[in-house]
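# Notes for the structure review
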Amino acid sequence: MQKDPKPCAISESILWDGFGLQSLHSGVGRHAWDLLKALELRNYRPRILPSVPSLDPAFASRQLPLSSRLPRSRIKPWSLFVADRELRSLLRQMNKPCVLHGLSNYNLPAVSQPLLKKVLTVHDLIPLTHREQVSVALGAYLRYQLPRALRHADAVICVSKWTESCLHELFPDARSKTLVIPNGWPLLQTKERHLPSQAPRLLTVSRLESYKRLELIPEILQLLPPETQWTLVTDSKGAETLRDAATPQLKIRSGLGEIELRALHHSAEAYVHPSLWEGFCLPAADSIAAGVPVIHTLGSGIDEVVSGAGRGLPPAASAQMWADSILELLANSDNEQKCMQRTTQALSWDDVAASTVELYAKLGMR
């Protein structure tokens, strides 16, 4: 890693688009918040374009004032239009190199100016590679917008090798622009040692999407010992959809804060993630850093995250196979050691911030 450039050289010229930063409970919002905190520790302070109605309160103090009277909306095309207008207004006031970073897969305005460089972070391409798993409107919009965003981008950050591979397969012309900067991990956390539990404790953290396969959880739980305790942390739609599946053994929760989530990761004995695809999977990293092994579906970016600190099952695995594998994983005596080894190999968010700043500076000095 090269020595970090002086923060004063570029800090005031880093702009982030606000789309995806509406909630810390989304993958994009969580990624942005952890990266922002690490950047600010290095004295880099991105300013956020006001392209959505409201940001998560954590981001609010970093948002630029609204310069136009355009109404703001969560609808993706309109949000991007507002970002375009806000950026044009801001650039008229600036006369120095500027980096604009869209952190939500597609969100780069079409503004072009010699002093402006653009960075796009792509987390996954599931709406394009598996169209049947997302809404028709989302798939259609991303098929229209993502190629344009890639053309506008000077650099494209992929959060996993799997994401980069998918991007290259769909958009070969973007190969020269991509680099992989994985998400950062929390520091290794000491897990309280205890004897094997008579009531296995499982955890899943996932929003509701068809490819997340949350409906498998009650099926698997029925095949586990009756004393098993499983906590599912999901969004409001997931909580409502699975409301009737909740039992004393299956607790469904939503809207938890960072401290509550961390406590759940520490108290679990295994993290279970039946989702068919993940660009990275930050909750899996959180569990492994807490000494908790992960059982997941093979075939996407989560493979790179787990990498020996748990086990993977094929996409077609039955509920019985999941139940059997969970019990086998819980019986392993070396789970904590494998989690420790995996965590010590991972990047920290400070490493991610250093790589991101290096990219910003490289673009700014072109």
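Below, the structure is looked at part by part. Keep in mind that this is a model prediction, so the values were computed, not measured.

Cut-off values and rules
Residues numbered from 1 in each chain as written. Predicted model: local features only at pLDDT ≥ 70, side-chain atom pairs only at ≥ 80, totals over all residues. Heavy atoms only, no water. Phe/Tyr/Trp six-rings, centres within 6.5 Å; stacked < 30°, edge-to-face > 60°. Helix = DSSP H or I, 4+ residues; strand = E, 2+ residues; numbered from the N terminus. Buried < 20%, exposed > 50% of the residue type's maximum accessible area, 1.4 Å probe, protein only. Salt bridge = Lys/Arg side-chain N within 4 Å of Asp/Glu carboxyl O. Contact = heavy atoms within 4.5 Å.

## Brief notes about the packing of aromatic side chains
- The tally for this structure, following the rule as stated, stands at 5 aromatic pairs.
- Ring geometry for W33 and F59: centres 5.5 Å apart, planes at 85 degrees, overall edge-to-face. Of this pair, W33 sits in helix α2 (residues 27–41) while F59 sits in the loop between β2 (47–49) and α3 (76–93), and the two are 26 residues apart along the sequence. The residues W33 and F59 share a single accessibility class, namely buried.

## Quick word on helix α10 (residues 282–289)
- Judged by how many residues are buried, α10 sits mostly within the fold: 8 of 8 residues are covered.
- Restricting attention to buried positions, one finds in α10 the residues L282, P283, A284, A285, D286, S287, I288 and A289.
- Phi turns positive, to about 85 degrees, at G291, one or two residues after α10.

## Here's the deal with the environment of P293
- Mapping P293 onto the fold places it in the loop between α10 and β11 (294–297).
- For the pair P293 and R311, spaced 18 residues apart in sequence, the C-alpha to C-alpha distance is 8.1 Å.

## Some words on the pattern of salt bridges
- The full count for this structure, using the stated rule, is 15 salt bridges.
- Notably, a salt bridge pairs R243 with E240, separated by 3.3 Å at the nearest N-O pair.
- The shortest N-O distance in the salt bridge between R262 and E258 comes to 3.2 Å. In this pair, R262 and E258 both sit in helix α9 (residues 258–267), 4 residues apart, roughly one turn of the helix.
- Judged by its relative accessible area of 38%, R262 is partly exposed.
- Judged by its relative accessible area of 49%, E258 is partly exposed.

## Some remarks on the side chain of S287
- Along the chain, S287 falls in helix α10.
- Setting aside anything within four residues of it in sequence, one finds S287 in contact with L203, H265, Y271, V292 and V294.

## Describing the environment of H168
- Summarising the element assignment, H168 is placed in helix α6 (residues 161–170).
- As for H168 and S135, which are separated by 33 residues in sequence, their C-alpha atoms are 24 Å apart.
- Filtering out sequence-adjacent residues up to four positions away, H168 remains in contact with R175 and T178.

## With respect to unusual backbone geometry
- A positive phi angle, close to 70 degrees, is found at N43, a residue other than glycine.
- Overall, the relative accessible area of 38% leaves N43 in the partly exposed class.
- Although it is not a glycine, C281 sits at a positive phi angle of roughly 95 degrees.
- Position of C281 relative to the elements: it lies in the loop between β10 (270–273) and α10.

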